[in-house]
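As a plain string of letters, each chain reads:
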Amino acid sequence: LYNADCQEILTYPPHTEHCGYCKYIRTEFLDKCLESDRKAFEACSKTGEVYAYCCHAGLYEVITPIKDKNGIIGYIMFGQAYNQDFDDLLKERLAEYGKYLDPDTLHQALSALKPLHSELISAVTLLTKTFITYLVNNRIVRVDKANFEETLVQYIEANMSSEITIADLCSY
């Protein structure tokens with residue numbers, strides 16, 4: 001979860017920042033990671049729509065803007081996903097970064113990620129967008145910039161351990 005200034009305010013699982021693959025990539029290529037994220041947030045902010053992309057290291061990420069009538073008030077980002085539909089790109093990146101990092105460690109870190117397909121990622125993206133729209137439109141998350149972040153974090157933390165469905169959201 002990010003605020004309107006693209007600053008991270010909450011991660012899940014708590015106290016984890018990145019998957020093992022990203023942690024290892026960041027040891028040598030942190031600047032590329034930060035630049036990739038910056039460009040993605042800029043693109044999402046410019047269009048005001050969901051932005052899905054492959055990062056410089058070959059993983060798939062999605063940024064969904066949280067909007068009210070006045071514009072973007074925050075973002076939800078998920079990713080560091082191994083999208084099987086981009087296997088060739090990922091193999092290309094592994095070969096490139098394998099020149100600078102230990103290839104065995106790279107492959108081991110990548111093998112810890114569960115492979116996903118674009119259809120599943122699209123479904124999660126749609127569910128996330130629907131969830132955000134419901135929360136904002138029904139004033140479950142009030143757009144009071146002074147405590148928006150706190151309110152959203154409290155709602156997510158209170159409901160994170162259980163499966164949240166559209167039916168749950170509608171009955172809240």
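Throughout this description, residue numbers start from 1 for each chain and increase along the sequence as written. Where local features are concerned, this predicted model is filtered to residues with pLDDT of at least 70; where side-chain atom pairs are given and counted, the filter is 80 or more; whole-chain, interface and lining totals use all residues. With hydrogens and water set aside, each side-chain value is computed from the structure's full complement of heavy atoms.

### Notes on the side chain of Gln 80
The numbering of helices and of strands both runs from the N terminus, where a helix is a DSSP run of H or I of at least 4 residues and a strand a run of E of at least 2. Position of Gln 80 relative to the elements: it lies in strand β4 (residues 71-83). A contact between two residues is defined here by any heavy atoms of the two lying within 4.5 Å. Residues in contact with Gln 80, not counting those within four places in the same chain, are Glu 17, His 18, Cys 19, Cys 22, Leu 59, Tyr 60, Glu 61 and Leu 113.

### Thoughts on the nonpolar core
Tyr 21, Ile 25, Leu 59, Ile 63 and Leu 110 are the most contacted members of the largest nonpolar core, which has 26 residues in total. When contributions to this core are tallied by element, the ones reaching two or more residues are α1 (20-47), β4, α2 (87-97) and α3 (103-111). If you tally residues by element for this core, the top one is α1, at 8 residues. Aside from chain neighbours lying at most four places away, what touches Ile 25 is Leu 30, Cys 33, His 56, Ala 57, Tyr 97, Leu 101 and Leu 106. Within the second largest apolar cluster, 11 residues are counted, among which are Ile 66, Ile 132, Tyr 134 and Leu 135. As used here, the term nonpolar core means buried Ala, Val, Leu, Ile, Met, Phe, Trp, Tyr and Cys residues forming a set that is joined through side-chain atoms within 4.5 Å. Throughout this description, buried means an accessible area under 20% of the type-specific maximum (1.4 Å probe, protein chains only), exposed means over 50%, and partly exposed covers the range between.

### Side note on α3
In an α-helix there are 3.6 residues to a turn, and that puts residues three or four apart on one side. If you check which residues of α3 are buried, you get Leu 106, Ala 109 and Leu 110. Seen along its axis, α3 keeps its buried residues to an arc of 100°; they face one direction. Projecting away from the buried face of α3 at angles above 90 degrees are the exposed residues Asp 104, Gln 108 and Ser 111. Where α3 is buried, its residues meet α1, β4 and α2. Note that the arc is computed from the directions linking the helix axis to the C-beta atoms.

### As for the packing of aromatic side chains
Two aromatic rings from Phe, Tyr or Trp, using only the six-membered ring of Trp, form a pair when their centres are within 6.5 Å; if the ring planes differ by under 30 degrees the pair is stacked, by over 60 it is edge-to-face, and anything between is tilted. Counted under the stated rule, the structure contains 5 aromatic pairs. Plain terms: the ring middles of Tyr 51 and Tyr 53 are 5.4 Å apart, the flat faces sit at 25° to each other, and that makes the pair stacked. Classification of Tyr 51 by relative accessible area gives partly exposed; the value is 28%. Pairwise contacts between aromatic rings join Tyr 2, Phe 41 and Tyr 75 into one cluster.

### Structural notes on helix α4 (residues 118-137)
For a helix, the expected span equals 1.5 Å multiplied by the residue count minus one. With 20 residues, α4 extends 28 Å from end C-alpha to end C-alpha; this agrees with the ideal 28 Å at 1.5 Å per step. By the burial criterion, the buried members of α4 are Ile 121, Thr 125, Thr 128, Phe 131, Ile 132, Tyr 134, Leu 135 and Val 136. Immediately beyond the C-terminal end of α4, within one or two residues, lies Arg 139, with a positive phi of roughly 55°.

### Structural notes on the confidence of the model for the protein chain
Residues of the protein chain with pLDDT of at least 70 account for 84%, and the chain-wide mean is 83. Confidence of the predictor at the level of single residues is given by pLDDT, which spans 0 to 100. Across the protein chain, the element-wise mean pLDDT spans from 48 in helix α6 (residues 166-171) up to 94 in α1.

### With respect to the packing of α1 against α2
Where α1 contacts α2, the axes come no closer than 12 Å and their chain directions differ by 70°. With respect to α2, the element α1 is oriented roughly perpendicular. Crossing hand, α1 versus α2: left-handed. Contacts between α1 and α2 pair Tyr 21, Ile 25, Phe 29 and Lys 32 from the former with Leu 90, Leu 94, Glu 96 and Tyr 97 from the latter. Along the lines of polarity and charge, the residues of the contact of α1 with α2 split into 6 nonpolar, no polar and 2 charged. Fitted lines through C-alpha atoms give the axes, limited to the stretch in contact for helices. The angle between two N-to-C directions lies from 0 to 180 degrees. Just so you know how the angles are binned, under 35 degrees is roughly parallel, over 145 roughly antiparallel, 65 to 115 roughly perpendicular, and the rest oblique. Each helix crossing is assigned a hand: it is left-handed if the near helix lies turned anticlockwise from the far helix by less than a right angle, otherwise right-handed if that turn is clockwise. Throughout this entry, Asp, Glu, Lys and Arg are counted as charged residues, while Ala, Val, Leu, Ile, Met, Phe, Trp, Tyr, Cys and Pro are counted as nonpolar. The remaining residues, Gly among them, count as polar.

### Focus: the pairing of β4
Pairing analysis gives 2 bridges linking strand β1 (residues 2-3) to β4, with the strands arranged antiparallel. Residue pairing for β4: Asn 3 is matched across the bridge by Gly 74. Judged from the 9 bridges that link them, strand β3 (residues 60-68) and β4 form a sheet pairing that is antiparallel. The partner of Asp 68 across the bridge, within β4, is Gly 71. In this analysis, strands are considered paired if DSSP registers two or more bridges between them. What sits between β3 and β4 in their antiparallel hairpin is a turn of 2 residues.

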